[in-house]
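Below, each chain spelled out in residue letters.
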Amino acid sequence: MIEMQEVYMTYPNGVVALNGLNVTIEQGEFVYIVGQSGAGKSTFTKLLFREEIPTRGSVEVNNKDITSLKWKEVPFFRRNIGVVYQDFRLLPRLTVYENIAFALEVIEESPKSIRKRVMNVLEQVGLKNKARFIPDELSGGEQQRVAIARAMVNHPSILIADEPTGNLDPETSWEIMRILEEINASGTTILMATHSREIVNAIKKRVIAMEDGMIVRDEHRGEYGYEV
Amino acid sequence: MKFSTLKRHFKEGARNTWRNGWMTIASVGAVTTTLILVGVFLVLMLNLNHIASELEEDVQIKALVELTAEQSDLDQIEENINDISGIESINFVTKEEELDNLVDSMGEQGQAWGLYEQENPLNDAFIVKASDPLETERIAAEIEEFDFIYRVNYGQEYVDTLFKFNEYARNIGLVLIGALVFTAIFLISNTIKITILARKKEIGIMKLVGATNNFIRWPFFVEGMLLGVLGSLLPIAVIIVGYYFLTQNVTILQQFDFVKILDFYPFALQISLIIVGIGASIGVWGSLMSVRKFLKV
Ligand SMILES: Nc1ncnc2c1ncn2[C@@H]1O[C@H](COP(=O)(O)OP(=O)(O)OP(=O)(O)O)[C@@H](O)[C@H]1O
Ligand SMILES: [Mg+2]
């Protein structure tokens, strides 16, 4: 469960990115975050895995206020959150297999279990035959599937995706959405910031619309609702 | 930490070392240069120290007895010396023996001078050795107080000068070694920093996935260690071969019979271990220093 109360966020350069957020998201929900560029969508998601700390307000994730996490606790907290970006953020010198395995090496899984689990997620995202490739040898859609595989491999309770289809063509985007829905079906909460009207309107989920750092609309089975 | 994790860190560190190509070669070169210089200094310093302590061992007190002393006086003196604490040995040398020694030490010239034809100008003497060489001065002073002792000498200036020289050599050596090591650390941390700039993004990604700082640091630790160990191979070879050659050709040095350098074994082994140790420390320090900045997030 995610619960934000009276969250304000001002960047060091004085830009006010969030202006009093109040929101509750239950475990297992699928939420789109929409809004124009600069509305604060990315900042919102960054608060959830302690990439940023709010200037004011509380951010509770799984009943723990993460704004007061000690610096040393952050890595351990993050292991329960999967993160996917539009630029994939894969380790360029590691193979597909090694990129995903990394998330499990960090939690000191046994090599045997790592093998099994990595092969499992690769199967799930349909990249078993590309395990030995490095990211540069893959298409954008394939790289994004690797990023998703890495985010889901240790069964996080929340998966945060910031414009996961931002760099992909429509066809590939639908493929990514299918995988995200599958992950959601297994009980993982999904938060997805997006600019894709087609996706939001076609796959109906809860929609949180932001404007100037505030939530201006919050509907279940909502519409994208903006003219581009 | 699990063994499999440790294995992973070593694999990762080795792989990065390999992949960094020219940067690795540059770092190894810096360590190699440093360690060759440090190694030569160490060999010199340790041998100087060794020679000094050998000489120190040889320091002995020569107490000259007045010509008027009777046998009973000599017995009394010996008894008195024996009563002093910290005496290792006492030997009595007659003036005739002293003359023999002197003539011998001068070789053919000595014969030529015809010293035996003149009246023997030397004194009988007691040769006293202290168990602790540093006690020599005190013991000499006590002996000097005894009756019928004409003069005491123990090559004080000679030994003091040597110790002074040694101390200077050691201090200069340590300063130089320190400066060299520091320079090498600086060079390494800078070369690694260049490769890390490229890896800055990677470190960010690792943190995103929940890697702790130590987890990220480990492969760098391994990489630094590898750089240091690789950099110490050539210096060790140079020192071992060079020192072996030196010990095999000490005939030149043996002319001065006070020069006794350390035996090849175990000295060569010890110096090799010291060099590897310094190399690894330089590498690890340089590497961890350069990664430090990127972990502060
Ligand atoms: N690291 C930062 N330092 C300073 N200002 C920032 C930083 N990141 C974002 N901002 C500012 O905060 C505001 C909100 O940015 P944010 O990235 O959250 O918007 P967004 O809704 O994700 O936009 P987009 O749709 O373009 O990704 C913007 O005005 C932006 O310029
Ligand atoms: Mg954004």
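Predicted, not measured: the structure shown is a model, and the values here were computed from it.

Criteria and cut-off values
Residues numbered from 1 in each chain as written. Chains lettered and ligands numbered in written order. Predicted model: local features only at pLDDT ≥ 70, side-chain atom pairs only at ≥ 80, totals over all residues. Heavy atoms only, no water. Helix = DSSP H or I, 4+ residues; strand = E, 2+ residues; numbered from the N terminus. Rg over C-alpha atoms; globule rule 2.2 N^0.38 Å. Contact = heavy atoms within 4.5 Å. Areas by Shrake-Rupley, 256 points an atom, 1.4 Å probe, with all protein chains shown as cover. Lys, Arg positive; Asp, Glu negative; His and termini not counted. Charge placed at Lys NZ, Arg CZ, Asp CG, Glu CD. Buried < 20%, exposed > 50% of the residue type's maximum accessible area, 1.4 Å probe, protein only. Pairing = 2+ DSSP bridges. Axes fitted to C-alpha atoms, helices over the stretch in contact; angles between N-to-C directions. Near = heavy atom within 4 Å. Polar contact = N/O pair within 3.5 Å; in protein donor to acceptor, adjacent residues only side chain to side chain. Nonpolar A, V, L, I, M, F, W, Y, C, P; charged D, E, K, R; others polar. Phe/Tyr/Trp six-rings, centres within 6.5 Å; stacked < 30°, edge-to-face > 60°. Lys NZ or Arg CZ within 6 Å of the ring centre and 35° of its normal. Expected span 1.5 Å × (residues − 1). Buried area = accessible area lost by both parts, 1.4 Å probe. Parallel < 35°, antiparallel > 145°, perpendicular 65-115°, else oblique. Left-handed = near helix turned anticlockwise from the far one by under 90°. Patch = residues over 30% accessible without salt bridge, like charges linked within 9 Å, V, L, I, M, F, W, Y side chains within 5 Å. Salt bridge = Lys/Arg side-chain N within 4 Å of Asp/Glu carboxyl O.

## Side note on the overall build of chain A
Point 1. In terms of helices and strands, chain A carries 7 helices and 10 strands.
Point 2. Taking 17 Å as the expected radius of gyration for a compact globule of 228 residues, we find that chain A reaches 17 Å, a close match to that expectation.
Point 3. Along the first, second and third principal axes, the C-alpha atoms of chain A reach 45 × 40 × 35 Å.
Point 4. Sequence-distant contacts, at least 24 apart, represent 67% of the contacts inside chain A between residues at least 6 apart.
Point 5. Here chain A displays about 10200 Å² of accessible surface, and carbon together with sulfur accounts for 48% of that area.
Point 6. Here chain A contributes 27 positively and 32 negatively charged side chains, and the mean placements of these two sets differ by 6 Å.

## A few points about helix α1 (residues 41–48) of chain A
All names here are of chain A.
Point 1. Among the 8 residues in α1, 6 count as buried, and that is most of the element.
Point 2. Residues of α1 that are buried include every one of Lys41, Thr43, Phe44, Thr45, Leu47 and Leu48, and no others.
Point 3. Positive backbone phi, at 60°, marks arginine 50, one or two positions downstream of α1.

## Things to note about the sheet that holds strand β3 (residues 30–35) of chain A
Residue and element names in this part refer to chain A.
Point 1. Here we have 6 strands laid out as an open sheet, ordered β6-β7-β8-β3-β9-β10, and mixed in their pairing. Across the chains shown, the open sheet's two edge strands, defined by having one partner strand only, are β6 (81–85) and β10 (214–219). Across the sheet, the mean angle from the axis of one strand to that of its neighbour is 15°, orientation sign disregarded.
Point 2. Where β3 meets strand β8 (residues 189–193), 4 bridges bridge the pair, whose relative direction is parallel. Across the sheet, phenylalanine 30 pairs through a bridge with isoleucine 190, a residue of β8.
Point 3. Running over the sheet, α1 touches β3, β6, β7 (158–162), β8 and β9 (206–211) and is turned about 140° from β3.

## Observations regarding the site of ligand 1
All names here are of chain A.
Point 1. The immediate surroundings of ligand 1 are formed by 14 residues, with Ser37, Lys41, Ser42, Thr43 and His195 found nearest.
Point 2. Within the backbone of glycine 38, an N or O atom sits 2.8 Å from an oxygen atom of ligand 1.
Point 3. Alone, ligand 1 offers 630 Å² of accessible surface; in the complex the protein occludes 66% of this.
Point 4. If one sorts the elements of the shell around ligand 1 by residue count, α1 sits on top with 3 residues.
Point 5. Taken together, the residues of the shell around ligand 1 break down into 4 nonpolar, 8 polar and 2 charged.

## Concerning the packing of aromatic side chains
Point 1. Taken as a whole and judged by the stated rule, the model has 7 aromatic pairs over all chains.
Point 2. Ring geometry for tyrosine 244 of chain B versus phenylalanine 264 of chain B: centroids 5.2 Å apart, planes at 75°, classification edge-to-face. Remark: phenylalanine 264 of chain B occurs in helix α10 (residues 264–295) and tyrosine 244 of chain B occurs in helix α8 (residues 213–248); sequence separation between them is 20 residues.
Point 3. Tyrosine 244 of chain B sits in the partly exposed class, given a relative accessible area of 43%.
Point 4. The rings of Phe10, Trp218 and Phe221 of chain B are connected pair by pair, giving a single aromatic cluster.
Point 5. Directly above the aromatic system of tyrosine 8 of chain A lies the positively charged group of arginine 56 of chain A, at a separation of 4.3 Å from the ring centroid.
Point 6. One cation-aromatic arrangement involves arginine 89 of chain A over tyrosine 85 of chain A; the distance from NZ or CZ to the ring centre is 3.7 Å.

## Observations concerning helix α5 (residues 140–152) of chain A
Residues and elements named next belong to chain A.
Point 1. The terminal C-alpha atoms of α5 lie 18 Å apart, and with 13 residues this matches the ideal 18 Å at 1.5 Å per residue to within 8%.
Point 2. Most of α5 is tucked away, with 12 of its 13 residues classed as buried.
Point 3. Restricting attention to buried positions, one finds in α5 the residues Gly141, Glu142, Gln143, Gln144, Arg145, Val146, Ala147, Ile148, Ala149, Arg150, Ala151 and Met152.

## Remarks on the interface of chain A and chain B
Point 1. At the interface, 25 residues of chain A touch 24 residues of chain B.
Point 2. Contact between chain A and chain B buries roughly 2100 Å² in total, counting both sides, with carbon and sulfur atoms accounting for 58%.
Point 3. At the surface where chain A touches chain B, the tally comes to 8 residue pairs in polar contact (both at pLDDT 80 or more).
Point 4. Mapped by element, the contributors of at least two residues to the side of chain A that touches chain B are α2 (74–78), β6 and α3 (96–105) of chain A.
Point 5. Top contributing element to the side of chain A that touches chain B by residue count: α3 of chain A, with 4 residues.
Point 6. Considered class by class, the residues forming the side of chain A that touches chain B number 14 nonpolar, 1 polar and 10 charged.

## Some points on the packing of α3 of chain A against helix α4 (residues 111–124) of chain A
All names here are of chain A.
Point 1. Close contact between α3 and α4 brings their axes to 10 Å; oriented N to C, the two are set at 125°. In this view, α3 runs oblique relative to α4, as classed from their interaxial angle. Between α3 and α4 lies a crossing whose hand is right-handed. Residues Val96, Tyr97, Ile100, Ala101, Leu104 and Glu105 of α3 touch α4, and the partners they reach there are Ile114, Arg115, Arg117, Val118, Met119, Val121 and Leu122.
Point 2. Broken down by class, the residue content of the contact of α3 with α4 amounts to 10 nonpolar, no polar and 3 charged.

## Structural notes on a negative patch on the surface
All names here are of chain B.
Point 1. Where like charges cluster on the molecular surface, the negative patch consists of Glu54, Glu57, Asp58, Glu88 and Asp132.
Point 2. By residue number, the principal contributor to the negative patch is helix α2 (residues 21–58), which donates 3 residues.
Point 3. Take aspartate 132: it is sitting in the loop between β3 (125–130) and α6 (136–144).
Point 4. Judged by relative accessible area, which is 37%, aspartate 132 ranks as partly exposed.

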